[in-house]
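What follows is each chain in one-letter form.
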Amino acid sequence: MHASPDLPDGWRLETLCEIDGTNAELLRRADAGEPEGLALRSDVQSAGRGRRGRVWNSPNGNLYFSVLVKAEPSVAGQIGFAGALALLEAIEAVVGRPLPELRCKWPNDLLLQRRKVAGLLLELAPKRGQVVLGMGVNLVPMDVVDAVYPVGSLAEFSIAPQELALNVCVAFARWLETWRMMGFAPLRRAWLERAHGLGEVATVRLVNEEFEGTFKGLSEDGSLLLDQGGEGVKSVSAGEVFFGVGV
Ligand code: BTN
C-alpha cells in the first residue's frame, strides 16, 4: 500500500465514469477557456483515439488520462517526452521499485519486455497556445489481435488507475518545470537512459516511404537519429518505428 501524493499547486484532477475521450473532452474545455493544469481521467472511453487516426480500445480497468498544458506548437512535441518520463516514474512509484524492463520507445510509447503497455497522444488546442497530452495505459490484460505493435499490460502489478493518475500528475508537473527552466537537454538525457532499441536496427514507416538504420540516439530537439552507414545519419521527426526482424 502506498500513500497517494497530493496534487501540485494549481493542478486539478477530475475523474469521469465515461466520456468519448479524455483528449476530446480536454480539447473542448480548452476551447471554452480552461487554463493549464487540468487533468482528466475516465474509467471508460467510448471513442478513444490513438495516433494516426487509430482507435484506442478503452475498456474498464485501464488508465485513460489527459492533461492540458501551455506550450508553443513548435516545441509541443517535447511535452510527449516529459509525459513518457513522468508515466514511467509514476508506474515505478506505484509499484514501489525500479522496473528496468520498462522502456521508452520513440516517439511516445512505453514497452514492458518489448510489448507496448502505454501510448501517448499529443493534440494541439490552438486557441490559447495549449496542448493536450493523453495517455492510455494497459493495466488489465488486453486482447488486441490486429495491433500494429505487440501489446502487453501491467496487469501483474495490480495498479489502480486513480493512484497512477495522481502519481502521473506529480511526476509530470516536475518534468514540465524542468523543461521550462532547463530546456529539453535533461529530458533527452533521462529518456535516452531508458530508451528501447538503442544500437538496434530500426525500420521507420512513413505514409509513402520506409527505410532502415541503426538507432543512434535523439537530436537536440527530440528527432530520432538513424545511422544509415554510407548514407550518413538521418534525422526523423515523425513516423512509426519498428525494431526487430519480421516487422
Ligand atoms: C497511441 O496510439 O499509442 C496513443 C494512444 C493514446 C490513448 C489515450 S487514452 C487517453 C487519451 N484520450 C484519447 O482519446 N486518447 C488518449
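Note that this is a predicted model, so its numbers are computed, not measured.

Q: Just checking my understanding: could you explain the sheet that holds strand 3 (residues 63–70) for this structure?
A: Note on sheets: strands pair through backbone hydrogen bonds, and any given pair is parallel or antiparallel. Taking strand neighbours across the sheet as the criterion, the seven strands line up as 1-2-3-7-6-5-4 in an open arrangement whose pairing is mixed. Both outer strands of the open sheet, strand 1 (12–19) and strand 4 (102–105), are each paired with one neighbouring strand and no more. Strand-to-strand twist in this sheet, taken as the mean axis angle between neighbours without regard to direction, amounts to 20°. Here strand 5 (residues 109–112) pairs with strand 6 (residues 115–125) via four bridges, running antiparallel. Note on strand 6: the bridge partner recorded for Leu 112 is Arg 115. Strands strand 1, strand 2 (38–45), strand 3 and strand 7 (130–137) of the sheet are contacted by helix 3 (residues 161–182), whose axis makes an angle of about 25° with strand 3.

Q: When you look at the packing of helix 3 against helix 4 (residues 185–193) in this model, what are you seeing that I'm missing?
A: Axis angle and axis distance: for two packed helices, these are the angle between their axes and the distance between the axes, and together they describe the pair. Two numbers describe how helix 3 lies on helix 4: the axes approach to 8 Å, and their chain directions differ by 130°. In this view, helix 3 runs oblique relative to helix 4, as classed from their interaxial angle. Taking contact as the criterion, the partners of Trp 175, Thr 178, Trp 179 and Met 182 in helix 3 are, on helix 4, Pro 186, Leu 187 and Ala 190. Of the residues contributing to the contact of helix 3 with helix 4, the split by class is six nonpolar, one polar and no charged.

Q: Any chance you could explain the sheet that holds strand 9 (residues 210–218) here in plain terms?
A: One open sheet accounts for five strands, arranged 11-10-9-8-12; its pairing is antiparallel. Taken across any chain shown, the strands that pair with only one partner, and hence form the sheet edges, are strand 11 (233–236) and strand 12 (240–243). Strand-to-strand twist of the sheet, defined as the mean angle between neighbouring strand axes without regard to direction, takes the value 45°. In terms of strand pairing, strand 9 meets strand 10 (residues 224–227) through four bridges, oriented antiparallel. Counted as the bridge partner of Leu 218 is Leu 224 from strand 10.

Q: Looking at this structure, I do not really get the nonpolar core. What am I missing?
A: Side chains that are nonpolar tend, in soluble globular proteins, to be buried together. The biggest cluster of nonpolar side chains holds 65 residues, and the ones touching the most others in it are Leu 164 and Trp 191. Each of domain 1 (12–193) and domain 2 (201–242) gives at least three residues to this core. Sequence-distant contacts of Leu 164, that is, excluding residues within four places in its chain, are made with Leu 63, Leu 87, Ala 90, Ile 91, Val 94, Val 137, Leu 139 and Ile 159. Grouped together as the second largest cluster of nonpolar side chains are ten residues, Leu 40, Leu 68, Ala 125 and Val 132 included.

Q: How should I be thinking about the domain arrangement of the protein in this particular structure?
A: The domain architecture assigned to the protein consists of domain 1 (12–193) and domain 2 (201–242). Look at where the C-alpha atoms of domain 1 and domain 2 centre, and you get two points 24 Å apart. In this assembly, 13 residues from domain 1 lie in contact with 16 residues from domain 2. Both sides together, the interface formed by domain 1 and domain 2 hides about 1200 Å², and carbon and sulfur atoms give 61% of it. For domain 1, the biggest contributors to the area lost against domain 2 are Arg 52, Trp 106 and Arg 188; these three give 50% of the whole. Put simply, Glu 240 and Arg 54 hold a salt bridge, and the shortest N to O gap is 2.4 Å. Counting across the interface, domain 1 meets domain 2 through six residue pairs in polar contact (both at pLDDT 80 or more). Elements with a minimum of two residues in the side of domain 1 that touches domain 2: helix 2 (77–95) and helix 4. In terms of residue count, the dominant contributor to the side of domain 1 that touches domain 2 is helix 4 (three residues).

Q: Sorry if this is basic, but what is going on with the site of the ligand here?
A: Close to the ligand lie 19 residues, the nearest being Thr 22, Gln 45, Arg 49, Arg 51 and Lys 116. Within the backbone of Asn 23, one N or O atom sits 3.4 Å away from a nitrogen atom of the ligand. Against a free-state accessible area of 420 Å², the protein chains account for coverage of 98% of the ligand. Spatially, the ligand is embedded in the largest pocket. Broken down by element, the shell around the ligand gets its largest block of residues, four residues, from strand 6. Looking at the shell around the ligand, its residues break down into six nonpolar, nine polar and four charged.

So, how was this worked out
Residues numbered from 1 in each chain as written. Predicted model: local features only at pLDDT ≥ 70, side-chain atom pairs only at ≥ 80, totals over all residues. Heavy atoms only, no water. Pairing = 2+ DSSP bridges. Helix = DSSP H or I, 4+ residues; strand = E, 2+ residues; numbered from the N terminus. Axes fitted to C-alpha atoms, helices over the stretch in contact; angles between N-to-C directions. Contact = heavy atoms within 4.5 Å. Parallel < 35°, antiparallel > 145°, perpendicular 65-115°, else oblique. Nonpolar A, V, L, I, M, F, W, Y, C, P; charged D, E, K, R; others polar. Core = buried A, V, L, I, M, F, W, Y, C linked by side-chain atoms within 4.5 Å. Buried < 20%, exposed > 50% of the residue type's maximum accessible area, 1.4 Å probe, protein only. Domains from an automatic or database assignment. Buried area = accessible area lost by both parts, 1.4 Å probe. Salt bridge = Lys/Arg side-chain N within 4 Å of Asp/Glu carboxyl O. Polar contact = N/O pair within 3.5 Å; in protein donor to acceptor, adjacent residues only side chain to side chain. Near = heavy atom within 4 Å. Areas by Shrake-Rupley, 256 points an atom, 1.4 Å probe, with all protein chains shown as cover. 1 Å grid on protein atoms, 1.4 Å probe; cavity = no way out; pocket = protein on both sides within 12 Å on 5 of 7 lines; lining within 4 Å. Sits in = over half its atoms within 2 Å of the grid points.

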